[in-house]
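Here are the chains, one letter per residue:
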Amino acid sequence: MSWNWQEELKEVVRTAVERKLNNLGLESQWENSASIHGLVYTEPVRREEILLCRRKLDACKKSGQSFEQAREELIEKLSERLLKFLLEIKRMEMERLLPYTIISVSDLTDDLSTAHYVYLSGNPSDREPLVSSIREELRKLSRKYPEQLPDGDVILPREYDMTFIVGFINHFYGRKN
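Enquirer: Account for the side chain of Lys20, with residues named and values stated.
Expert: Structurally, the position occupied by Lys20 is in helix H1 (residues 5-23). Using a relative accessible area of 2% as the deciding quantity, one classes Lys20 as buried. Within the local environment of Lys20, its side chain forms a polar contact with the backbone oxygen of Leu156, the two atoms lying 3.2 Å apart.

The following block contains the structure:
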């Protein structure tokens, strides 16, 4: 039996999304999910991420789920969605369907993707440039390829987690088990 890197990647993404959701203060979001007032922020999060969690948690609350059930469901759905997006982007890059790289790295751009390199050049003080560049590219791609990459419902993990995930995908994608 051979090692399945996709299953390992799925766990890595799930752990990273769970860590990000813990950083969003999910329990406080659960308690306040019906209201957009008094959003609970922790550093660094985005308003749309909190509102996404609030909407999902409110729907779970209305269906009678407990916080723990809602939390697990949210982690699972957001992890699957992020993994699907990242693998689809990598597939599109490998098939040369994209004019530049978003995940794949190059020696020409100091081991960064083209999108990450360009974003970092224009925003050198951004504390999470990889996450920001991927978020920006996801928006563009979801408009250009709505069937493959539908817009919305994505939580991107913290910079160090995304760096590891992207490195993992770049290392193993396309290799035989």
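Enquirer: Explain the environment of Leu9 to me, using residue names and the numbers behind them.
Expert: Its place among the elements puts Leu9 in helix H1. When the C-alpha atoms of Leu9 and Phe168 are compared, they prove to be 7.3 Å apart, with 159 residues separating the residues in sequence. When sequence neighbours within four positions are dropped, the list of residues in contact with Leu9 reads Leu83, Leu87, Ile165, Phe168 and Ile169.

Enquirer: Can you lay out the nonpolar core for me, pointing to particular residues and giving the numbers?
Expert: Of all hydrophobic cores here, the largest spans 45 residues; its most connected members are Leu21, Met162 and Ile165. Mapped by element, the contributors of at least two residues to this core are H1, helix H3 (47-62), helix H4 (67-94), helix H6 (129-144) and helix H7 (159-172). For this core, the element with the most residues is H4, which contributes 11 residues. Setting aside residues no more than four positions away along its own chain, Ile165 makes contact with Leu9, Val12, Val13, Ala16, Leu86 and Pro157.

Enquirer: Any details on the packing of aromatic side chains? Residues and values, ideally.
Expert: Going through the model one piece at a time under the given rule, you end up with four aromatic pairs. Between Phe164 and Phe168, the aromatic rings sit 6.1 Å apart at their centres with planes inclined by 55°, giving tilted as the arrangement. In this pair, Phe164 and Phe168 are both assigned in helix H7, four residues apart and thus about one turn of the helix distant. Given the relative accessible area of 48%, Phe164 is considered partly exposed. Among the residues examined, Phe168 registers a relative accessible area of 9% and is labelled buried. One aromatic cluster is present, built from ring pairs that chain together Trp5, Phe164, Phe168, Phe172 and Tyr173.

Enquirer: An account of the packing of helix H5 (residues 114-122) against H6 is requested, with residue identities and associated values reported.
Expert: Two elements in contact, H5 and H6, have axes whose closest approach is 9 Å; the angle formed by their N-to-C orientations is 115°. It follows that H5 is roughly perpendicular to H6 by the angle criterion. The interaxial crossing formed by H5 with H6 has right-handed handedness. On the side of H5, the interface is formed by Ala115, His116, Tyr119 and Leu120, while H6 contributes Pro129, Leu130, Ser132, Ser133, Glu136 and Glu137. Looking at the contact of H5 with H6, its residues break down into five nonpolar, three polar and two charged.

Reading the values: the criteria
Residue numbers here run from 1 along each chain, matching the order of that chain's written sequence. A pLDDT threshold of at least 70 governs which residues receive local features in this predicted model, and a stricter bar of 80 or more applies before side-chain atom pairs are shown or counted, although totals over entire chains, interfaces and linings include all residues. Excluded from the side-chain calculation are hydrogens and water; included are all heavy atoms of the structure. Starting at the N terminus, helices and strands are each numbered in turn, a helix being any DSSP run of H or I of at least four residues and a strand any DSSP run of E of at least two. Burial classification: accessible surface area is computed with a 1.4 Å probe over protein chains only, and a residue below 20% of its type maximum counts as buried, one above 50% as exposed, and the rest as partly exposed. Two N or O atoms form a polar contact when they lie within 3.5 Å of each other; inside protein one atom must be a possible hydrogen donor and the other a possible acceptor, and for residues adjacent in sequence the pair counts only when both atoms belong to side chains. Any two residues whose heavy atoms approach within 4.5 Å at even a single point are treated as in contact. Throughout this description, the term nonpolar core refers to a set of buried Ala, Val, Leu, Ile, Met, Phe, Trp, Tyr and Cys residues connected via side-chain atoms within 4.5 Å. Stacked, tilted and edge-to-face are the three classes applied to pairs of Phe, Tyr and Trp rings, where Trp contributes its six-membered ring and a pair requires centres within 6.5 Å; stacked means planes under 30 degrees apart, edge-to-face means over 60, and tilted covers the rest. Here an angle of 0 to 180 degrees is reported between the N-to-C directions of two axes, which are lines fitted to C-alpha atoms, with helices fitted over the stretch in contact. We call two directions roughly parallel when the angle between them is under 35 degrees, roughly antiparallel when it is over 145, roughly perpendicular when it lies between 65 and 115, and oblique otherwise. Left-handed describes a crossing whose near helix is turned anticlockwise from the far helix through less than a right angle; right-handed describes the clockwise counterpart. Residues were grouped as follows: Ala, Val, Leu, Ile, Met, Phe, Trp, Tyr, Cys and Pro as nonpolar; Asp, Glu, Lys and Arg as charged; and all remaining residues, including Gly, as polar.

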